[in-house]
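# Structural overview for review
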Amino acid sequence: GTVADLQKPVWDGYRVASLSGCRDKQTSGDTGKGGIFTHALLVALDELQTQQSKKPSPPLTVGALYEATLKADDRLFASPQDITMQARPDSSMLWPLVPGT
């Protein structure tokens, strides 16, 4: 979505990511217990943490979590909404919100 249009110059020099559950002309789906995007993101985060606990891997990036979220959405919901991501300077920045184990 365009809530945070990261192409605007106001974002120059910042490290920021914007993830959205759908595009502007779409409606976000609901699971009955929260949004599809939120649920897919939390499932992806849990799966990535489980993988990392079994086999140490590089720190989690925004891009890796985004890709895992898309896969979780396809596998669990096959939702028609388009989960999107923008990042500055790029998607290799570390994901800052990793729950403790």
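Located above this text is the structure these notes cover.
This text gives an overview of the structure that appears in the document.

What counts and what doesn't
- Residues numbered from 1 in each chain as written.
- Predicted model: local features only at pLDDT ≥ 70, side-chain atom pairs only at ≥ 80, totals over all residues.
- Heavy atoms only, no water.
- Helix = DSSP H or I, 4+ residues; strand = E, 2+ residues; numbered from the N terminus.
- Buried < 20%, exposed > 50% of the residue type's maximum accessible area, 1.4 Å probe, protein only.
- Contact = heavy atoms within 4.5 Å.
- Areas by Shrake-Rupley, 256 points an atom, 1.4 Å probe, with all protein chains shown as cover.
- Lys, Arg positive; Asp, Glu negative; His and termini not counted.
- Charge placed at Lys NZ, Arg CZ, Asp CG, Glu CD.
- Pairing = 2+ DSSP bridges.
- Phe/Tyr/Trp six-rings, centres within 6.5 Å; stacked < 30°, edge-to-face > 60°.
- Core = buried A, V, L, I, M, F, W, Y, C linked by side-chain atoms within 4.5 Å.

### A word on the overall build of the chain
Secondary structure assignment for the chain yields two helices and two strands. Listing the helices and strands of the chain from first to last along the sequence gives β-α-α-β. C-alpha extents for the chain along the principal axes are approximately 40 × 35 × 20 Å. The buried share of the chain, taken over its 101 residues, is 30%. Across the chain, the fraction of contacts at a sequence separation of at least 24, relative to all contacts at a separation of at least 6, is 71%. With an accessible surface of roughly 6700 Å², the chain has 56% of that area assigned to carbon and sulfur atoms. Placing the 10 positive and 11 negative side-chain charges of the chain at their respective mean positions leaves the two points 4 Å apart.

### A word on the pairing of strand S1 (residues 16-20)
Residues Val 16, Ser 18 and Ser 20 line the buried face of S1, whereas the alternating positions Ala 17 and Leu 19 sit on a face that is not buried. Pairing geometry for S1 and strand S2 (residues 84-88), over five bridges, is antiparallel. Counterpart to Ala 17 in the pairing with S2 is Ala 87.

### Describing the packing of aromatic side chains
Considering all chains together, one arrives at one aromatic pair under this definition. Seen from their ring centres, Trp 11 and Tyr 14 are 6.3 Å apart, and the 80 degrees between their planes marks the pair as edge-to-face.

### Notes on unusual backbone geometry
In this structure, the amide linkage connecting Arg 88 to the following residue, Pro 89, adopts the cis form with an omega of 5 degrees. Along the polypeptide, Pro 89 turns up in the segment after S2.

### Digging into the nonpolar core
Among the nonpolar cores identified, the biggest contains 15 residues, and Leu 41, Ala 44, Leu 45, Leu 60, Leu 65, Ala 72 and Trp 95 are the most heavily contacted of them. Listing elements by their share of this core, those giving two or more residues are helix H1 (36-54) and helix H2 (62-76). Ranked by residues supplied to this core, first place goes to H1 with six residues. For Leu 45, the contacting residues outside a window of four places in its chain are Leu 60, Leu 65, Trp 95, Leu 97 and Pro 99.

### Notes on the environment of Gly 29
Tracing the sequence through the fold places Gly 29 in the loop between S1 and H1. Considering only alpha carbons, one finds Gly 29 and Phe 77, 48 residues apart in sequence, at a separation of 9.4 Å. For Gly 29, the contacting residues outside a window of four places in its chain are Gly 35, Ile 36 and Gln 81.

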